Amino acid sequence: MKIVITGGAGFIGSHLCEHFLNQGDEIICLDNLITGRMENIQLFLNHKNFKFTNHNVTEFIEVAGSVDAILHFASPASPKDYLEFPIQTLKVGSLGTHKALGLAKAKGAKFLLASTSEVYGDPKEHPQSESYWGNVNPVGPRGVYDEAKRFAEAMTMAYHRVHKLDTRIARIFNTYGPKMRVNDGRALPNFFTQAIKEEPLTVFGDGSQTRSFCYISDLVEGIARLLESGENNPVNLGNPSEITIREIAQKVIDLAGSRSKLKFVSLPQDDPKIRQPDITRAKKILGWEPRVDLQTGLQKTFEYFKK
Ligand code: UDP
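Residues numbered from 1 in each chain as written. Predicted model: local features only at pLDDT ≥ 70, side-chain atom pairs only at ≥ 80, totals over all residues. Heavy atoms only, no water.

S.K.: Lay out the site of the ligand with the relevant residues and their values.
M.R.: Around the ligand, the surrounding shell holds 18 residues, and the nearest of these are T202, F204, R211, D271 and R275. Take D271: an N or O atom from its side chain is 2.6 Å from an oxygen atom of the ligand. Coverage of the ligand by the protein chains reaches 96% of its 510 Å² of free accessible surface. When contributions to the shell around the ligand are tallied by element, the ones reaching two or more residues are α5 (187–196) and β8 (201–204). Along the lines of polarity and charge, the residues of the shell around the ligand split into seven nonpolar, five polar and six charged. (Near = heavy atom within 4 Å. Polar contact = N/O pair within 3.5 Å; in protein donor to acceptor, adjacent residues only side chain to side chain. Areas by Shrake-Rupley, 256 points an atom, 1.4 Å probe, with all protein chains shown as cover. Helix = DSSP H or I, 4+ residues; strand = E, 2+ residues; numbered from the N terminus. Nonpolar A, V, L, I, M, F, W, Y, C, P; charged D, E, K, R; others polar.)

The following block contains the structure:
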């Protein structure tokens, strides 16, 4: 296959580039590098099946020849990033999705949208299944990401219904692993960096909020299976094992053998209190579920941050 990956130099995007290159596919990686990094794709630059173009996908996307699939992963995805780039986040989720869908339509290619558990907002249903419509504050600081992704889902379904495009929507829950940036601002990169430097780990609020962390290799496998499936409706991809932020901070300290302590700081506005994917549909439709347990995934991630 010839696959266009938008946001291909980002954390998840670059792992997808690697996965599909290893399968013998041809990759066109598009990224404007506002949160993506060249070092994530450095190893692929000389690969005969890999091409990188520095491009902002909110502008018209030009790709020569045929394309089999488009994976639309371009977007700031850490709360710190979308607070710093609110307008870019809204634009890539809306205009960028429109351009990527337009390319899929022009090429008759499959289209896969990287959506998010943030479409559920601060959820009033637990765990979150795909039938839940969510609880999002449109005008709060996270609204720029949540609403852009909700718009992106609506646009993707409209192209599916009107233009009969073969589309996929992956609702991705918290994912972690190598290639996350040290200054990414998300919980695990912060905690690893702080633990290694023996600085206090900044737990937001009292740390009783929960998340469910999926190791990157499991997520990549889920995305690949979703692309191969014929499923047009949204599918949750994530690891259902739920943990409080306080507990995972302590786990990072223990794993790093660090003398760091926890430091409780104020909770950001609209920070979801609970989050856990219901992956019944992914199990049934894709025959997929995560295989890497938290301890193993954290260990591998720790090795990466140490380097
Ligand atoms: N968090 C924290 N300390 C940090 C960074 C994040 O306690 O240094 C908390 C954050 O408030 C949230 C959870 O960890 O409740 C996960 O945050 P992250 O930014 O990783 O992603 P989110 O799931 O909120 O999109």
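So, next bit.
S.K.: Describe the packing of aromatic side chains, naming the residues involved and giving the relevant values.
M.R.: Counted under the stated rule, the structure contains nine aromatic pairs. Seen in terms of ring centroids, Y120 and Y132 are 6.0 Å apart; in terms of plane orientation they differ by 20°. Their pairing is stacked. With Y120 in the loop between β5 (110–116) and α4 (143–163) and Y132 in the loop between β5 and α4, the pair connects residues that are 12 residues apart, well separated along the chain. In terms of burial, Y120 and Y132 fall into one category: buried. Seen from their ring centres, Y176 and Y215 are 5.5 Å apart, and the 70° between their planes marks the pair as edge-to-face. Within this pair, whereas Y176 is found in strand β7 (residues 175–176), its partner Y215 is found in strand β10 (residues 214–215), the two being separated by 39 residues in sequence. For the pair Y176 and Y215, one class covers both residues: buried. Clustering of aromatic rings is evident, with ring pairs tying together F192, F302, Y304 and F305. (Phe/Tyr/Trp six-rings, centres within 6.5 Å; stacked < 30°, edge-to-face > 60°. Buried < 20%, exposed > 50% of the residue type's maximum accessible area, 1.4 Å probe, protein only.)

S.K.: Describe in detail the sheet that holds strand β3 (residues 50–54), supporting the description with residues and values.
M.R.: A sheet is described by the order of its strands in space; here seven strands give the open sequence β3-β2-β1-β4-β5-β6-β11, paired in parallel fashion. Bordering the open sheet on either side are β3 and β11 (235–237), each of which pairs with just one other strand. Strand-to-strand, the axes of this sheet are offset by a mean angle of 20°, without reference to chain direction. Inspection of the sheet shows β5 paired to strand β6 (residues 167–172) by six bridges, in the parallel sense. Residue pairing in the sheet places T116 in a bridge with I172 of β6. (Pairing = 2+ DSSP bridges. Axes fitted to C-alpha atoms, helices over the stretch in contact; angles between N-to-C directions.)

S.K.: Account for the side chain of D122, naming residues and giving values.
M.R.: Examined against the element boundaries, D122 turns out to sit in the loop between β5 and α4. Among the polar contacts made by the side chain of D122, one reaches the side chain of K273 at a distance of 2.6 Å. In contact with D122, other than residues within four places in its own chain, are N135, D271, P272 and K273. (Contact = heavy atoms within 4.5 Å.)

S.K.: Summarise the state of the cysteines; cite the residues concerned and give the values.
M.R.: Applying the stated criterion to the full structure yields zero disulfides. Among the cysteines around C17, which has no disulfide bond, C29 carries the closest sulfur, lying 4.3 Å off. A relative accessible area of 0% places C17 in the buried class. The class of C29 is buried, set by a relative accessible area of 0%. (Disulfide = S-S within 2.5 Å.)

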